[in-house]
Amino acid sequence: MTPYSKLIVYYFSGTGNSKNIAIWLSEVALEKNMKFELNNITQCNKHNILSPPPNVLLAFVSPIHGFNYPIIMLKFILQFPKGKNNILLLNTRGGLLAGKKIIPGVTGLAFYVSACILKIKKYSIKAMYPVNLPSNWTFLHPGLKQEAVTYMHIINKEKIRNFARKVFDGKSNYKGLYEIIQDSIAAPISILYFFIGRFFFTKTYLSSRECNHCNICINNCPKKAIITIDKRPFWTFKCENCMKCIANCPQKAIQITHGLFTLYILLFYVFFINTFFFYFELYIFEIESQLAKNIIETGLCLGLFAAWYRLIHFLIRVPFFERIMSYTSLTKLRFWRRYKALENV
């Protein structure tokens, strides 16, 4: 007999992993005759959310971006009203497959930051549960083959159902805490990604000549981070790198600019930055603090990369530059698959 009258799930999903978990949780709630409510946080009016009665179980489900919850989920949790409910924290992180063995991703700071925020708001954390669904990070690797994707969905669906049956009966599950050592190792990367890295990745997406201006990417972006400039999609710094656009483009026109990104990094670190500091200290003043140098270097790198992105976005109107952009992108290769979660598993 479940002690809860209702399950409310708040999820954020780009390519569908977190949405599937929300659905699987609801299936077990239905099995246990619990009322349930699934909420995509991008469609929620955060200012109209009321604290539910204490016997309502709340769940937050989100992918991992840079070893943390994405900023959109963290902001949602920060703005969530105070309450005394039990909370389930779940994440989908970049799982891979070797034979029949699922290689787990890394959660990083996601559970710890979210749990602290919710504890301050007087909630009780009853579960921290990571789920190793297929990685969708197309920048780093091609999507898994379909049979691997299917296998990982089937395995994880059963794990989620078993997890849900137990926590819906009032039990706790802190599986995520067992990985505190590797999460601690990933913490510095998580912090760097949050403050710096995510802004670089937002400027690696461009549309090729295959784009037919259907505007699916613009209309379906959860953050409304894609706009039109020079009659082409343009990714702004609001982008969450959720990969929804690249996974759902019917023309496979959205490319990740691996070649041009690499060229920029080489130009910046091999030619520009040392020259900049040499003349700056020669004609203005010497910078003694290494920390100050690192901050200036990072700011310059990000600012000039935004300008570089705008320049490339302008130049790809010329077929020659557009072909350079496309054919130096790994996503142009046939084997570089784009990941999208299965539906109706």
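Notes on the structure follow. (Residues numbered from 1 in each chain as written. Predicted model: local features only at pLDDT ≥ 70, side-chain atom pairs only at ≥ 80, totals over all residues. Heavy atoms only, no water.)

1. What about the overall build of the protein chain?
And step 1. A count of helices and strands for the protein chain gives ten helices and eleven strands.
And step 2. In terms of overall dimensions, the protein chain has C-alpha extents of about 75 × 50 × 45 Å along its principal axes.
And step 3. Among the 345 residues that make up the protein chain, the fraction classed as buried is 51%.
And step 4. Taking as baseline every contact in the protein chain between residues at least 6 positions apart, the subset at least 24 positions apart corresponds to 81%. (Helix = DSSP H or I, 4+ residues; strand = E, 2+ residues; numbered from the N terminus. Buried < 20%, exposed > 50% of the residue type's maximum accessible area, 1.4 Å probe, protein only. Contact = heavy atoms within 4.5 Å.)

2. A look at the packing of helix H2 (residues 71-79) against helix H3 (residues 110-120)
And step 1. Interaxial distance between H2 and H3 falls to 9 Å at its minimum, and their mutual angle equals 15°. Our classification of the angle between H2 and H3 gives roughly parallel. H3 is crossed by H2, and the crossing has right-handed handedness. Taking contact as the criterion, the partners of Leu74, Ile77 and Leu78 in H2 are, on H3, Val113, Ser114, Ile117 and Leu118. (Axes fitted to C-alpha atoms, helices over the stretch in contact; angles between N-to-C directions. Parallel < 35°, antiparallel > 145°, perpendicular 65-115°, else oblique. Left-handed = near helix turned anticlockwise from the far one by under 90°.)

3. What to know about the packing of aromatic side chains
And step 1. Using the criterion set out here, one finds 33 aromatic pairs in the structure.
And step 2. An angle of 80° between the planes, with centres 5.3 Å apart, marks the rings of Phe60 and Phe80 as edge-to-face. Here Phe60 is found in strand E3 (residues 56-63), whereas its partner Phe80 is found in the loop between H2 and strand E4 (86-92), with 20 residues between them in sequence.
And step 3. Relative accessible area serves as the criterion here: at 0%, Phe60 is assigned to the buried category. (Phe/Tyr/Trp six-rings, centres within 6.5 Å; stacked < 30°, edge-to-face > 60°.)

4. Looking at the sheet that holds E4
And step 1. Here five strands make up an open sheet; going across it, the order is E2-E1-E3-E4-E7 and the pairing parallel. Every interior strand has two partners, whereas the edge strands, strand E2 (35-40) and strand E7 (124-131), have only one. Across this sheet, the average inter-strand angle for adjacent strands is 15°, counted without regard to direction.
And step 2. With seven bridges joining them, E4 and E7 adopt parallel strand pairing. Bridged to Thr92 within E7 is Val131. (Pairing = 2+ DSSP bridges.)

5. Some remarks on the nonpolar core
And step 1. Core analysis: the largest hydrophobic core is formed by 39 residues, its most contacted members being Tyr205, Ile226, Trp235 and Ile254.
And step 2. For this core, the leading source of residues is helix H8 (residues 258-283), giving seven residues.
And step 3. Excluding residues that lie within four positions of it along the chain, Ile254 makes contacts with Tyr205, Leu206, Ser207, Cys217, Trp235, Cys245, Ile246, Cys249 and Arg338.
And step 4. Tyr10, Val56, Met73 and Phe111 belong to the second largest nonpolar core, which has 28 residues in total. (Core = buried A, V, L, I, M, F, W, Y, C linked by side-chain atoms within 4.5 Å.)

6. A look at unusual backbone geometry
Excluding glycine, most residues fall at negative phi; most peptide bonds, likewise, are trans.
And step 1. At Phe67, a position not held by glycine, the phi torsion is positive, near 60°.
And step 2. Relative to the elements of secondary structure, Phe67 occurs in the loop between E3 and H2.
And step 3. Owing to a relative accessible area of 25%, Phe67 belongs among the partly exposed residues under this scheme.

7. A closer look at the side chain of Thr2
And step 1. Summarising the element assignment, Thr2 is placed in the segment before strand E1 (6-11).
And step 2. Only 2.4 Å separates the side chain of Thr2 from the backbone oxygen of Phe168, close enough to count as a polar contact.
And step 3. In this view, Thr2 contacts Lys32, Met34, Phe168 and Asp169; residues no more than four positions away in its chain are not counted. (Polar contact = N/O pair within 3.5 Å; in protein donor to acceptor, adjacent residues only side chain to side chain.)

8. A short note on the pattern of salt bridges
And step 1. By the definition in use, this model includes 13 salt bridges.
And step 2. Here Glu210 makes a salt bridge to Lys332, at a shortest N to O gap of 3.3 Å. Placement of the pair is Glu210 in the loop between strand E8 (205-207) and helix H6 (216-220) and Lys332 in the segment after helix H10 (319-327), with a sequence separation of 122 residues.
And step 3. Salt bridges sharing partners connect three or more residues here, namely Glu27, Glu31, Lys157, Arg161 and Arg165. (Salt bridge = Lys/Arg side-chain N within 4 Å of Asp/Glu carboxyl O.)

9. Observations concerning H3
In an α-helix, one full turn covers 3.6 residues, which means residues spaced three or four apart are oriented alike.
And step 1. Along H3, the positions that sit buried rather than exposed are Ala110, Phe111, Ser114, Ala115, Ile117 and Leu118. Each buried residue of H3 sits inside an arc of 165° when the element is viewed along its axis, so together they form one side.
And step 2. Looking at the buried side of H3, the elements it contacts are E3, H2, E4 and E7.
And step 3. Directly after H3, the chain includes Lys122, whose backbone phi takes a positive value near 80°. (Arc of directions from axis to C-beta.)

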